[in-house]
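So you can see what is in the structure, the chains are spelled out below.
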Amino acid sequence: MHFEPLPSSETMNQILDKTYDHAQVQLRTINLWDSENIYAYQVPLKGQKLYSVDTPPPTVSGSLHIGHIFSYTQTDMIVRYHRMCGEAVFYPMGFDDNGLATIRFVEKARGVSSHKMKRSEFTALCLEETVKAEAQFKDLWQKIGLSVDWNSLYSTIDERSRFLAQKSFIELYNKGFVYRRDEVTPFCTCCRTSVAQAELDDKEVSSKFYDIAFSVDGVGEVIIATTRPELLFSCVAVLYNPTDARYTNLQGKQARVALTGKYVPIIADEKVLIDKGSGLVMCCTFGDSTDVAWYKEHKLPYIQSIGLDGIFLPNTDFLAGLKVEQARERMVERLKSENLIKAEKAITHAVHIHERCKNAVEYVSLQQWFVKIVEHKPTFLALADQINWYPSFMKVRYQNWVEGVSWDWCISRQKGFGISFPVWHCRACGEVLIAPVDRLPIDPQESEYGLSCSCGSTDIIPDTDVMDTWNTSSISPYLCTDIMHGKKDDVFAEGVFESMSMRPQAHDIIRTWAFYTIVKAWMHSGVLPWNNIVISGHVLSSNKEKISKSQGNSPLDPQKLLERYSADAIRYWSGSGALGQDTAFSEDQLKQGNRSVVKLWNALRFISEHRTVGALPPKLHGTVNRWIMHRASQTLGAYKDHFEKNEFSRALETVEQFFWRDVCDNYLEMVKDMLFKPEQYDQAEVESTKLTLNNIGLRLIQLYAPFMPYVTEELYQQMYRSDAAMPSIHATSFAVVGDAYVDERAVQIVDILQQVVSSVRRMKTESKLSLKTPLIQLLISVSGESIESLKKVEHIVRGVCTSASVSYTIEPLCSEYMRQDGDGYRMAICLNTTAQTEV
Ligand SMILES: [Zn+2]
Ligand SMILES: [Zn+2]
């Protein structure tokens, strides 16, 4: 429909500005939300439902990117929906600033290196730097319209988080879920830390397979195939497959390692691949995870060649001081010079890499802290069945991961910065000495234990490791609940923690964040961390690549986007992305969002000119009014059904259809003539129409509010605020527009009316005439039953079709026509399908 301005409006309504200035409105609205505390958490009233969100704390390591905008605004839509359902919303924000990414960010910003500083000093720098970054984040989050309660903030390295992370550790240690032992763990010598199974990726790399001559006394030369000749000093066994007839003669013998001359046992093991290389392999501590398995199974000695810094240790003779690649070269040179390499072959094979830095990991044996997860796998699988997963197929990813977990969760890391273990060790008896809770948070490297061990010894040393960042992130529901309770309660105490409503997160961290959070909530409180998990997709660039790095000056940089588009238009794009699906960035969707914002503004402007402010009368006059109320009511129902399943994009589609098709294309067109020439219509119907307009206007801005919080707020402030109790559209409830409205008869009638209108429009268009071309007469061929329907809305037919008179026939017409008759036209249309097919 076209929204023509009325030169002389009879109503005294405030008329909206002709154009909508989104930049000004955004500024004004942010201030309004702030000063009116619209999003502040309020303790639920009696009987009121609580909707609490375990918001993902973004990593503080630079700036936010388009992927953040995409996923966080989707969560915001769901949250805004629940708020408008009248629920008490708790929507906090966290910042994750205790991980490697933040270390690098702060080191770069301050020109320091974390491992040369005291942990407490670096933590202080970190907090200073992250305050700045967080201010930028908050600015952007506010501009994009997140309805976060900015009083509910945490950072994963702040004092309270350190306290709760250490308290969590002590609780789980006391419950027997945490233990410490020597363990071989993947270790990234680049990041200088052990790495959890969940942080490993596989990568195909080019390498060489070397045949190296070992010897066996009494047998002679035997050929070992290996990709890691540099580990000869760590060789602890030679293995063959017991079904391999070539080597059964080696049973019980020892092999002499090439070059070193050391004797190692020859062991039969079914895991040796007969057709790989020579079928005879060495076990080194450690070349790969298979070596780890053999080492454990056959109880072999541990000889470490590579230090934690990736440099060969002094016990490796001529390799000492070299890096892995150099050591391999040097070893191959040496073996060749002694004629010990019998063949070499280029191959590609998969190695484990650290997902963060993409470097191949080594395996080392260290004293580590673990959380027991392997023995509780059936429980973690059962818990997942009690959680609602959106989209549901994401549960399969979780199940596959948990089923495949074969190691306990190593929560200790050997790096400088992070949250310390509140632990000392007695050197005399090995006892673990735990800090008392009233001293938390504590860094044992900077504080004395202060007592003697129960064995009497005072030879006590601090634990120097820090916790895996997931160990803190996985208690985010507790960090949130702690804030919600005003930091007054012991959130780990029995019965204090209650499952939160929802966790929004990305799909690539199901195996870490989602899984570990489920683990912790069960261990601490025996409950689910949340009842619903909503998984967002990633944003792909137009060439379908994942965008995760900050795009700098690219057009996709959020700040740049916000200069070019309204926040509402950007949110329209993210709101149309399907849940859990990676979505390509689409400028077209942004433009469509803009069109919807402008169309909404214009439609409400039209409504503001013609409406009567007030409640709907008990008896609504006019079939089309009853029809649009029926459709509005149906739309709200469908919209809620979609949102209850977190299908925000389908909810948006529902509103869009209602707005563009039902309201703009049909309803406003049908009542326009009545609004322009009220004297020609029944006055009771005119008044009902004006009240319906007012009601539909409010419904529309409510339905759009979760998606487009700014334009809807501005419309509310200008058109509805003065007569309503609530200071913001976002504080109103869907319930204010009234109960469900049902009128099936009106739907039947308007259905026929729409057929008439579209036929008349089609005929005019086909005759290349304006839609406003007046008709002298419109003849409608239609069934007798439909004639009765059409008579009820004949005044509307005349108005919309600009026809002076309307007549009906039940005779099938042989053809439709549009004939000129003097100054006007006569038209005949046929809704009688049987007649048309006879033509
Ligand atoms: Zn690494
Ligand atoms: Zn002791």
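Just so we're clear, the structure is a prediction, and the values are computed from it rather than from any experiment. (Residues numbered from 1 in each chain as written. Chains lettered and ligands numbered in written order. Predicted model: local features only at pLDDT ≥ 70, side-chain atom pairs only at ≥ 80, totals over all residues. Heavy atoms only, no water.)

Brief notes about the sheet that holds strand β6 (residues 193-194)
Strand order across the open sheet formed by four strands is β6-β5-β14-β16, with antiparallel pairing between neighbours. Sheet topology places β6 and β16 (409-410) at the edges, where each strand pairs with a single neighbour. Here strand β5 (residues 178-188) pairs with β6 via two bridges, running antiparallel. If you follow Phe187 over to β6, its bridge partner there is Ser194. (Pairing = 2+ DSSP bridges. Helix = DSSP H or I, 4+ residues; strand = E, 2+ residues; numbered from the N terminus.)

Remarks on the pairing of strand β11 (residues 263-268)
In terms of strand pairing, strand β9 (residues 235-240) meets β11 through three bridges, oriented parallel. Of the residues in β11, the one forming a bridge with Val238 is Ile266. Of the pairings in the sheet, the one linking strand β10 (residues 254-256) to β11 comprises three bridges and is antiparallel in character. Looking across to β11, one finds that Arg256 is bridged to Tyr263. Taking the residues that link successive antiparallel strands as the turn, the β10-β11 hairpin has six residues, and the phi of Leu259 there is positive, at about 70 degrees.

So, unusual backbone geometry
Excluding glycine, residues mostly have negative phi values, and the peptide bonds linking residues are mostly trans. Of note, the bond from Thr285 into Phe286 is cis; its omega dihedral lies within 30 degrees of zero at -5 degrees. In the segment running from Leu440 into Pro441, the intervening peptide bond is cis, with an omega of -5 degrees. Among the secondary structure elements, Pro441 is positioned in the loop between β19 (432-434) and β20 (460-462). Positive phi values are uncommon outside glycine, yet Lys358 reaches one of about 65 degrees. By the element assignment, Lys358 lies in the loop between β13 (341-354) and β14 (362-371). Look at Lys358 and you get partly exposed, because its relative accessible area is 46%. (Buried < 20%, exposed > 50% of the residue type's maximum accessible area, 1.4 Å probe, protein only.)

Notes on helix α1 (residues 22-35)
Side chains of residues three or four places apart in an α-helix project in the same direction, reflecting 3.6 residues per turn. For α1, which comprises 14 residues, the first-to-last C-alpha distance of 20 Å matches the rise-based estimate of 20 Å (1.5 Å per residue) to within 8%. Buried residues of α1: Val25, Gln26, Thr29, Ile30, Leu32 and Trp33, and no others. Along α1, the residues classed as buried sweep out an arc of 165 degrees about the axis, all on the same side. Exposed and facing more than 90 degrees away from the buried side of α1 are Leu27, Asn31 and Ser35. At its buried positions, α1 is contacted by α2 (66-84), α4 (119-143), α14 (567-575) and α19 (709-719). (Expected span 1.5 Å × (residues − 1). Arc of directions from axis to C-beta. Contact = heavy atoms within 4.5 Å.)

Re the coordination of the zinc ion (ligand 2)
For the zinc ion (ligand 2), the protein coordination sphere consists of Cys426 (SG), Cys429 (SG), Cys453 (SG) and Cys455 (SG), at 2.2 to 2.3 Å. In this structure, the zinc ion (ligand 2) is surrounded by four donor atoms whose angles at the metal cover 105 to 115 degrees, and the resulting shape is tetrahedral. Mapped onto the sequence, the donors of the zinc ion (ligand 2) take the spacing C-x2-C-x23-C-x1-C. Pair noted here: Cys429 is in the loop between β18 (423-426) and β19 and Cys453 is in the loop between β19 and β20, with a separation of 24 residues, a long-range link. (Donors = N, O, S within 2.8 Å, 3.2 Å for Na, K, Ca; no water. Tetrahedral: all angles 85-135°; square planar, octahedral: opposite > 155°, others 65-115°.)

With respect to the nonpolar core
Judged by nonpolar contacts, the single largest core of 127 residues is most densely connected at Trp141, Leu604, Tyr639, Phe707, Val756, Leu778 and Ile780. With 14 residues, the top contributor of residues to this core is helix α17 (residues 648-676). For this core, the two domains that each supply at least three residues are domain 2 (580-742) and domain 3 (748-838). (Core = buried A, V, L, I, M, F, W, Y, C linked by side-chain atoms within 4.5 Å. Domains from an automatic or database assignment.)

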